[in-house]
Amino acid sequence: MRLTEIAHGVHQLSVNVENILFEGLWEMPKGVSINSYVVKGDEVALIDGVCGWDGVPESLFELLDQLNVPIKSIKYVVLNHLEPDHAGFLDAFKQIHSDFEVICTAKGAELLTAFYDAHLKVRIVKDDDMLNLGGGKVLSFKEIPHVHWPDAMVSFESQTGVLFSCDAFGSFGIMEKSAFDDDYTDAEIEAYEKETIRYYSNIIGAFSPFVPKAVNQINRLAVRMIAPGHGLIWRKRKDKIVADYLDYACYQKGIARPEITLLWGSMYNNTGAAVQVAIETLEASGITYHVHQVPETPWGELLTSVWTSSALILAMPTYEYKMFPPMAAALEEIGKKKAHGRKVFRMGSYGWSGGAQKELDEIHDRLRLNWSFLPPHEFKGKPLETDFEIIRERVLELIESLKSENSKK
Ligand code: FEO
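Residues numbered from 1 in each chain as written. Predicted model: local features only at pLDDT ≥ 70, side-chain atom pairs only at ≥ 80, totals over all residues. Heavy atoms only, no water.

### A word on the overall build of the chain
(1) Moving on: Looking only at helices and strands, the chain features 12 helices and 22 strands.
(2) Moving on: If you line up the chain on its principal axes, its C-alpha atoms span 80 × 40 × 35 Å.
(3) Moving on: When each of the 409 residues of the chain is scored for burial, the buried share is 58%.
(4) Moving on: Partitioning the contacts of the chain with sequence separation of at least 6, the portion at a separation of at least 24 is 72%.
(5) Moving on: Total accessible area on the chain is roughly 16900 Å²; 52% of this is exposed by carbon and sulfur atoms.
(6) Moving on: In the chain, 42 positive and 57 negative side-chain charges are present, and the distance between their average locations comes to 4 Å. (Helix = DSSP H or I, 4+ residues; strand = E, 2+ residues; numbered from the N terminus. Buried < 20%, exposed > 50% of the residue type's maximum accessible area, 1.4 Å probe, protein only. Contact = heavy atoms within 4.5 Å. Areas by Shrake-Rupley, 256 points an atom, 1.4 Å probe, with all protein chains shown as cover. Lys, Arg positive; Asp, Glu negative; His and termini not counted. Charge placed at Lys NZ, Arg CZ, Asp CG, Glu CD.)

### Focus on the pattern of salt bridges
Here the idea is simple: oppositely charged side chains can pair when their charged atoms come close.
(1) Moving on: Under the counting rule described, the total for this entry stands at 21 salt bridges.
(2) Moving on: A salt bridge links K194 to E301; its shortest N-O distance comes to 2.9 Å. You can see K194 sitting in helix α5 (residues 186–204) and its partner E301 sitting in helix α9 (residues 299–308), a full 107 residues away along the chain.
(3) Moving on: With relative accessibility at 38%, the residue K194 sits in the partly exposed group.
(4) Moving on: Given the relative accessible area of 17%, E301 is considered buried. (Salt bridge = Lys/Arg side-chain N within 4 Å of Asp/Glu carboxyl O.)

### Topic: the sheet that holds strand β13 (residues 162–164)
(1) Moving on: Here we have five strands laid out as an open sheet, ordered β10-β11-β12-β13-β14, and mixed in their pairing. Looking at the sheet topology across the chains shown, the edges are occupied by β10 (130–134) and β14 (225–227). The sheet shows a mean angle of 25° between the axes of neighbouring strands, direction not considered.
(2) Moving on: As judged from the three bridges shared by strand β12 (residues 153–157) and β13, these two strands associate in the antiparallel manner. Of the residues in β13, the one forming a bridge with F156 is L163. (Pairing = 2+ DSSP bridges. Axes fitted to C-alpha atoms, helices over the stretch in contact; angles between N-to-C directions.)

### Remarks on the sheet that holds strand β5 (residues 32–40)
(1) Moving on: The seven strands are arranged β1-β2-β5-β6-β7-β8-β9 in an open sheet whose pairing can be described as mixed. Because the sheet does not close on itself, it has two edges, and the strands there are β1 (2–7) and β9 (121–124). Averaged over all neighbouring strand pairs, the angle between strand axes comes to 25°, with direction disregarded.
(2) Moving on: As defined by bridge partners, strand β2 (residues 10–17) adjoins β5 across eight bridges and the pair is classed as antiparallel. Directly across from L13, in β5, lies its bridge partner S36.

### A few points about the packing of α5 against α9
(1) Moving on: Contact geometry of α5 with α9 gives a least axis separation of 8 Å together with a crossing angle of 100°. By the angle between their directions, the pair α5 and α9 is classed as roughly perpendicular. Mapping the contact onto sequence places K194, I197, R198, Y200, S201 and N202 in α5 and G300, E301, L303, T304, W307 and T308 in α9.
(2) Moving on: Of the residues belonging to the contact of α5 with α9, the class tally is four nonpolar, five polar and three charged. (Parallel < 35°, antiparallel > 145°, perpendicular 65-115°, else oblique. Nonpolar A, V, L, I, M, F, W, Y, C, P; charged D, E, K, R; others polar.)

### A short note on a nonpolar patch on the surface
(1) Moving on: On the surface, M267, Y268 and Y319 cluster together to form a nonpolar patch covering roughly 350 Å² of accessible area.
(2) Moving on: Inspection of the secondary structure assignment puts Y268 in the loop between β15 (257–264) and α8 (270–285).
(3) Moving on: Y268 sits in the exposed class, given a relative accessible area of 71%. (Patch = residues over 30% accessible without salt bridge, like charges linked within 9 Å, V, L, I, M, F, W, Y side chains within 5 Å.)

### Details of the domain arrangement of the chain
(1) Moving on: Split into domains, the chain comes out as domain 1 (2–251) and domain 2 (257–403).
(2) Moving on: Taking only C-alpha atoms into account, the centre of domain 1 sits 38 Å from that of domain 2.
(3) Moving on: Summed over both partners, the interface of domain 1 with domain 2 comes to about 1300 Å²; 55% of that surface belongs to carbon and sulfur atoms.
(4) Moving on: Put simply, domain 1 and domain 2 have three salt bridges between them.
(5) Moving on: Among the ionic pairs, E193 bridges to R257, the shortest N-O distance being 3.0 Å.
(6) Moving on: Across the domain 1-domain 2 interface, the total number found is eight residue pairs in polar contact (both at pLDDT 80 or more).
(7) Moving on: Listing elements by their share of the side of domain 1 that touches domain 2, those giving two or more residues are β4 (26–27), α5 and α7 (238–251).
(8) Moving on: In terms of residue count, the dominant contributor to the side of domain 1 that touches domain 2 is α5 (seven residues).
(9) Moving on: Of the residues assigned to the side of domain 1 that touches domain 2, the class counts are seven nonpolar, four polar and four charged. (Domains from an automatic or database assignment. Buried area = accessible area lost by both parts, 1.4 Å probe. Polar contact = N/O pair within 3.5 Å; in protein donor to acceptor, adjacent residues only side chain to side chain.)

### What about unusual backbone geometry?
(1) Moving on: A cis geometry characterises the amide bond from V147 onward to H148, with omega recorded as 0°.
(2) Moving on: Mapped onto the fold, H148 is located in the loop between β11 (137–143) and β12.
(3) Moving on: Cis rather than trans, the peptide bond between V294 and P295 has omega equal to 5°.
(4) Moving on: Assignment of secondary structure puts P295 in the loop between β16 (288–293) and α9.
(5) Moving on: Of note in this structure, H146 is not a glycine but carries a positive phi near 70°.

### Some thoughts on α8
(1) Moving on: With 16 residues, α8 should reach 22 Å at 1.5 Å per residue; the first-to-last C-alpha distance of 24 Å fits that figure.
(2) Moving on: Where α8 is concerned, the buried positions are T271, G272, A274, V275, V277, A278, I279, T281, L282 and S285.
(3) Moving on: Looking at the packing, one finds that the buried side of α8 touches β15, β16, β17 (309–315), β20 (343–350), β22 (377–380) and α12 (385–408).
(4) Moving on: Taken from the residues just after α8, G286 is the one with a positive phi, measuring 85°. (Expected span 1.5 Å × (residues − 1).)

Okay, structure coming up:
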């Protein structure tokens, strides 16, 4: 738990969470911080809460206590979106305190009654509505729907220039030293970016077309720092995180980095032997590449690599006339995040018949992935030297196409 005064009269209350799956699904090898904020004018507003996945908000209450903010002094609870990691404290909160108003969007009000057993006083806000807390502190609001929930909005405090950005511009990964980006070196922030991309690709990526719209909204505000619901507060690099998010949104269409992700699965190491040749070819070329085996690698890790990669190598055998099942499951998830426009080479072993390619074509067409494929290479049983030769050629062709595309930029 950490308490930080981030601007005059504005405090961050942050709790670290580890060893859980985010949204019950996404692995977080470096954990996550959940951030709440208190704005003190003549009246006090709590912006988003902190709640464990078990719905217990004791950490939030303890931090408010350390801040000498009695729960009963909180006049407004601003909920930038209603996801339970930020709003799940409400049921316990209202047992202690009943005289407060919830501030949220119209969609948020609908979700409030759906998710929480709450009969609360609600003020619905829309773009540019204001909430004057007195003492010079004024909050205003802008809707950023689908980044990443439909009810999402940002709150902006005009005296301090703090943008409370909801889950937008957030990251996974716990950073212990400080709440602010400017207390970290460029090398530390570069390493942290993997957790930002993991967060983006896992929970925001599917809604990428809404990200530029959200950025247009916040560009109208005189923002001095971006304070998200997860991860670091951005001061020195606030323009960079916004530019990075715009880049990540573009990556959905396939205009990503000159990187290749090799996803593979194998039953008896026949496809695995071909994968080794592909890895040797990638390594010798000097291109940036990522290798993940299924089903061993969690989906969130695959997606983090796929998101920044302009090309994919898919290696899997046929299994019972279909694709090796864990690869099919991984491709379904990649497809649902709409990772479009990749260049793809597929290879793999078969025994008594093929079938993996047919299922790949079906998944590709159904999810409208718009991938461009090199000719696939399949081999019966174990791969021979002639197969290895073809695989080397195709992998080199893929690498060359990325290099020439990148040189045009
Ligand atoms: Fe951090 Fe969308 O909840």
